[in-house]
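Structural description and commentary
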Amino acid sequence: MYRAHEQEKKRMYNQRVIQVEHATFTPLVFSTSGGVGPEADKLLRNLANRISAKRQETYSHVISFLRRRYRFDLLRTSVISLRGHRSLNKSHRLKDLDLNLEKVAY
């Protein structure tokens, strides 16, 4: 499943990125349940390797932190897209909304 989505993204964007932006393209495919595509997994491993070397931390702790962080961020984003963002300052109240509802005769 992940490879198919990665190939689709490469097919759609790779030529434009190479020709217009003169760069490389690595599709990052994540699922809302926390799954990671092969290219995204390579990126996370490379990032964890660099962070662990720079901060003198163990690789296992860094990769665990990164995976957990990405999964919770994806989960939070999914919940916000389904439910909406909860903010402390409500810009409107339900009784103040003018819904322009008209009575419909049945």
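Here, the structure is the one placed above.
Residues numbered from 1 in each chain as written. Predicted model: local features only at pLDDT ≥ 70, side-chain atom pairs only at ≥ 80, totals over all residues. Heavy atoms only, no water.

1. Things to note about the pattern of salt bridges
Cut-off, in case you're wondering: For salt bridges, the criterion is a side-chain nitrogen of Lys or Arg within 4 Å of an Asp or Glu carboxyl oxygen. Numbering of helices and strands runs from the N terminus, with a helix taken as a DSSP run of H or I at least four residues long and a strand as a DSSP run of E at least two residues long. The cut-offs for exposure are 20% and 50% of the maximum accessible area for each residue type, with area from a 1.4 Å probe on protein chains only; residues under the lower value are buried, those over the upper are exposed, and the others partly exposed.
Across all of its chains, the model carries six salt bridges by this definition. Among the ionic pairs, Glu39 bridges to Lys10, the shortest N-O distance being 3.0 Å. Placement of Glu39 in helix 2 (residues 38-55) and of Lys10 in helix 1 (residues 2-20) is noted, with a sequence separation of 29 residues between them. Judged by relative accessible area, which is 24%, Lys10 ranks as partly exposed.

2. Topic: the packing of helix 2 against helix 3 (residues 59-83)
Helices that pack against each other are described as a pair by the angle of their axes relative to one another and the distance between those axes. How we decide: Note on geometry: axes are C-alpha line fits, over the in-contact stretch for helices, and angles between N-to-C directions span 0 to 180 degrees. For classification purposes, an angle smaller than 35 degrees is called roughly parallel, one larger than 145 roughly antiparallel, one from 65 to 115 roughly perpendicular, and anything else oblique. With the far helix as reference, a near helix turned anticlockwise by less than a right angle produces a left-handed crossing, and one turned clockwise produces a right-handed crossing. Contact criterion: two residues are considered in contact whenever any of their non-hydrogen atoms come within 4.5 Å of each other. Throughout this entry, Asp, Glu, Lys and Arg are counted as charged residues, while Ala, Val, Leu, Ile, Met, Phe, Trp, Tyr, Cys and Pro are counted as nonpolar. The remaining residues, Gly among them, count as polar.
Where helix 2 contacts helix 3, the axes come no closer than 9 Å and their chain directions differ by 130°. Between helix 2 and helix 3, the angle falls in the class oblique. Classified by chirality, the crossing of helix 3 by helix 2 is right-handed. Contacts between helix 2 and helix 3 involve Asp41, Leu44, Arg45, Leu47, Ala48, Asn49, Ile51 and Ser52 from the former and Tyr59, Val62, Ile63, Leu66, Arg67 and Tyr70 from the latter. Here the residues of the contact of helix 2 with helix 3 sort into nine nonpolar, two polar and three charged.

3. Describing the nonpolar core
Applicable threshold: To define a nonpolar core, start from buried Ala, Val, Leu, Ile, Met, Phe, Trp, Tyr and Cys residues and group those joined through side-chain atoms within 4.5 Å.
Ranked by size, the top nonpolar core spans five residues in total: Leu44, Ala48, Val62, Ile63 and Leu66. Going through the elements one at a time, helix 2 and helix 3 are the ones with two or more residues in this core. Here this core gets three residues from one element, more than from any other, and that element is helix 3. Contacts of Leu66, omitting those with residues within four sequence positions, involve Leu44, Leu47, Ala48 and Ile51.

4. Comments concerning the side chain of Glu6
Turning to its location among the elements, Glu6 is positioned in helix 1. Ignoring anything within four residues of it in the chain, the contact list for Glu6 reads Pro27, Val29, Gly37, Pro38, Glu39 and Ala40.

5. Observations concerning helix 3
Stated precisely, the cut-off is as follows: Residue count minus one, scaled by 1.5 Å, sets the expected span of a helix.
Taking 1.5 Å per residue as the helical rise, helix 3 with its 25 residues ought to reach 36 Å, and the 36 Å between its terminal C-alpha atoms agrees with that figure. Regarding helix 3, the residues found buried are Val62, Ile63, Leu66 and Ser78. Where the residues of helix 3 are buried, they touch helix 2. Residue Gly84 follows helix 3 closely and has a positive phi angle near 100°.

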